[in-house]
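# Working through the structure, step by step
The lines below spell out each chain.
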Amino acid sequence: MIENVPVIDIEELEHADSLAAIDRACREWGFFQVTGHGIDQQLLADVMAVSQQFFGQSSEEKRRILRDADNPWGYYDKELTKNRQDWKEIYDFGPADGDKLKPRWPAGPLRLRFEPVIRAYYASCKVLSMRLLSAIALNLGVSGEHLARGFDDAHTSFLRLNYYPKYPLGLRDDRPLGVGEHTDAGALTLLLQDRQPGLEVRRDDRWYLVEPRADALVVNIGDIVQVWSNDRYRAALHRVITNTAADRYSLPFFLNPSWETSYEPLPTTVTAHEPAHYRHIHWREFRALRAAGDYADIGEEVQISHYRQ
Ligand code: OGA
Ligand code: NI
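Residues numbered from 1 in each chain as written. Chains lettered and ligands numbered in written order. Predicted model: local features only at pLDDT ≥ 70, side-chain atom pairs only at ≥ 80, totals over all residues. Heavy atoms only, no water.

In the region of ligand 1, the neighbouring residues are Asn162, Tyr164, His182, Asp184, Leu191, Leu199, His238, Val240, Arg248, Ser250, Pro252 and Phe254. Between ligand 1 and Asn162 there is a distance of 3.3 Å, counted from an oxygen atom to a side-chain nitrogen or oxygen. Taking Arg248, its side chain carries an N or O atom lying 2.9 Å from an oxygen atom of ligand 1. Within the complex, the protein chains bury 95% of what would otherwise be the 290 Å² of accessible surface of ligand 1. (Near = heavy atom within 4 Å. Polar contact = N/O pair within 3.5 Å; in protein donor to acceptor, adjacent residues only side chain to side chain. Areas by Shrake-Rupley, 256 points an atom, 1.4 Å probe, with all protein chains shown as cover.)

Before going further, it helps to examine the pairing of strand 2 (residues 31-35). Within strand 2, five of the five residues are buried, which leaves it mostly tucked inside the rest of the structure. The side-chain alternation of strand 2 yields two buried faces, one formed by Phe31, Gln33 and Thr35 and the other by Phe32 and Val34. Taken together, the three bridges between strand 1 (residues 7-9) and strand 2 define a ladder with parallel strand orientation. Looking across to strand 2, one finds that Asp9 is bridged to Thr35. For the handedness criterion, the β-α-β arrangement of strand 1, helix 1 (residues 16-28) and strand 2 is classed as right-handed. Pairing of strand 2 with strand 12 (residues 217-221) involves four bridges; the strand directions are antiparallel. Each residue of the ladder has a partner; that of Val34, found in strand 12, is Leu217. (Buried < 20%, exposed > 50% of the residue type's maximum accessible area, 1.4 Å probe, protein only. Helix = DSSP H or I, 4+ residues; strand = E, 2+ residues; numbered from the N terminus. Pairing = 2+ DSSP bridges. Right-handed = clockwise from strand over helix to strand, strands pointing away.)

Encoded structure:
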């Protein structure tokens, strides 16, 4: 049997078998797919449809709601991973916060359909990702509420729409990536992908395709869970390769804590033989350092390894 990213039915998430399957997936892959997740199929179809409508607008229309350094929500087409330009366009939706952070919406009739679907999908992702976080907490020996503390109303999670245009064959010899290899910085990511291949995860010096499935959502753990677990779980490296056959759309929801949250290895993961591998990390400070790298053309992105001890 060829091993690949596990697919786990989470209809009975608290069941010992489901918890054990999740624990194993977090240890061996940092990635899994979930079926029986409870998000309405119609909502999944609707959010994919409005995403395609959004990116189908003219470039001029899309650029009217460009993100900027003060407000990261909106459209963007020049993302860098590790300072190299990715072959993709994005739209980010996150909650309003203070006077600066406000969602940006497309104009005209598209907004009427787009805004309620995006908000409804965001809300469903928040609920599902908190259920998954609670399962991970139990697996790490703490209560679900213990980890949920940083994710109350002030959480900074956001939903991203990714559009990877088909890459014309022969355009350039060194074909760019859709997204360069990276780990996700937050707690966990819930990803809806269409039927086009592209997402790959790194394990034991090999890249594995995360097989597109109509019945599943992809889950991957981020740096915060790696830190909490004191490296029992790894936030796996992943990337998106460009597709020369078709356009590809995906929608990651990044579950992120409130700005004032700090995290460090959980007491249940630290023993006399296994001291804490990280000193504590403050989410706002970490994001600020990392964002400096996102906007710069040179230099190295800040990683959790900077906090290793
Ligand atoms: C990301 C990411 C994967 C995909 O946006 O962080 O890893 O399939 N996306 O779009
Ligand atoms: Ni990612």
